[in-house]
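Structure assessment
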Amino acid sequence: EIVIDNYQEDRNPEKSEITSSTNIGMQILSTISAYDLKIEENAIDNLKNILTTVENLKKWNGHLYNWYNLNKLEVVEPREISTVDSGNFVTTLYILKQFFIEQNEIELSNRVDKLIKKTDFSKLYNKEKKLFSIGYDCNKNELKKQCYDMLASESRQTSLVAIAKGDVELSH
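Throughout what follows, the structure given in this document is the object of discussion.

What counts, and where the lines are drawn
- Residues numbered from 1 in each chain as written.
- Predicted model: local features only at pLDDT ≥ 70, side-chain atom pairs only at ≥ 80, totals over all residues.
- Heavy atoms only, no water.
- Helix = DSSP H or I, 4+ residues; strand = E, 2+ residues; numbered from the N terminus.
- Rg over C-alpha atoms; globule rule 2.2 N^0.38 Å.
- Buried < 20%, exposed > 50% of the residue type's maximum accessible area, 1.4 Å probe, protein only.
- Contact = heavy atoms within 4.5 Å.
- Core = buried A, V, L, I, M, F, W, Y, C linked by side-chain atoms within 4.5 Å.
- Phe/Tyr/Trp six-rings, centres within 6.5 Å; stacked < 30°, edge-to-face > 60°.
- Pairing = 2+ DSSP bridges.
- Axes fitted to C-alpha atoms, helices over the stretch in contact; angles between N-to-C directions.
- Parallel < 35°, antiparallel > 145°, perpendicular 65-115°, else oblique.
- Left-handed = near helix turned anticlockwise from the far one by under 90°.

When you go through the protein chain residue by residue, the secondary structure sums to five helices and nine strands. Helices and strands in the protein chain line up, N terminus first, as β-α-α-β-β-β-β-α-α-β-β-β-β-α. The C-alpha radius of gyration of the protein chain comes to 16 Å, within 12% of the 16 Å expected for a compact globule of 172 residues. Expressed as lengths along the three principal axes of its C-alpha atoms, the size of the protein chain is roughly 45 × 45 × 25 Å. Counting every position in the protein chain, which comprises 172 residues, the buried fraction comes to 41%. Restricting the contact set of the protein chain to residue pairs at least 6 apart, pairs at least 24 apart contribute 59%.

What follows is the structure in structure tokens.
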């Protein structure tokens, strides 16, 4: 069965009022990169603001939802968790944590570490199939039936993060 992650027939390319956890992660990486290139002077303050916003967003078992309204910072329906987006985001959190350590921002690094630890990938893992589901449908309160196979490159990062955190067994 083919599942389309996002299709917008009437998309307005000028401005979107929603964002995803992957998009938030890309904003974090862009800010760190701009700092490294010495074109962003307020990187630490900007990253601290992003971190505070993320801490205040509604989550499911530590996972950010698939989509948020940028203006209201509310979850956009359908309320779903994307396994790959969560993997992307938590990978970014590891990079952010290291960045804060290098900048001697230990308190900020500790806050990032709390977000990492609270994100439970075992909730997205199909133990019968020993594979990650593509996500979780919060409206139906169920794990999606479709799973990533072991060779799907977009899910490998999630697998490595989940193993490193101890959320799934090493044999995965």
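Ranked by size, the top nonpolar core spans 35 residues in total, and within it Ile 24, Ile 28, Leu 47, Leu 96, Phe 100 and Phe 132 carry the most contacts. Counting only elements with at least two residues in this core, the list comes to helix H1 (21-36), helix H2 (43-56), helix H3 (83-102), helix H4 (106-118) and helix H5 (153-165). In terms of residue count, H3 provides more of this core than any other element does, seven residues in total. Each residue touching Ile 28, except ones within four places of it in the same chain, is listed here: Leu 47, Ile 50, Phe 89, Thr 92 and Leu 96.

Our next topic: the packing of aromatic side chains. Scanning the model with the defined rule gives five aromatic pairs in all. With a centroid separation of 5.3 Å and 85 degrees between ring planes, the pair formed by Tyr 35 and Phe 99 is classed as edge-to-face. Of this pair, Tyr 35 sits in helix H1 while Phe 99 sits in helix H3, and the two are 64 residues apart along the sequence. The exposure class of Tyr 35 is partly exposed, given its relative accessible area of 27%. Ring geometry for Tyr 65 and Tyr 68: centres 6.4 Å apart, planes at 80 degrees, overall edge-to-face. For the residue pair Tyr 65 and Tyr 68, the accessibility class agrees, reading buried in each case.

The next point concerns the sheet that holds strand E8 (residues 135-137). The strand order across the open sheet formed by three strands is E5-E8-E9, and the pairing between neighbours is antiparallel. Looking at which strands have only one partner, the edges of the open sheet turn out to be strand E5 (80-82) and strand E9 (142-143). The sheet contact formed by E5 and E8 spans three bridges and is antiparallel. Its bridge partner being in E8, Glu 80 is matched across the sheet by Asp 137.

Turning our attention to the packing of H1 against H3. Running from amino to carboxyl end, H1 crosses H3 at an angle of 25 degrees, the nearest separation of the two axes being 8 Å. Compared by their axis directions, H1 and H3 come out roughly parallel. Where H1 crosses over H3, the handedness of that crossing is left-handed. The segment H1 lies against H3, with Ser 21, Thr 22, Ile 24, Gly 25, Ile 28, Leu 29, Ile 32 and Tyr 35 engaging Asp 85, Ser 86, Asn 88, Phe 89, Thr 92, Ile 95, Leu 96 and Phe 99.

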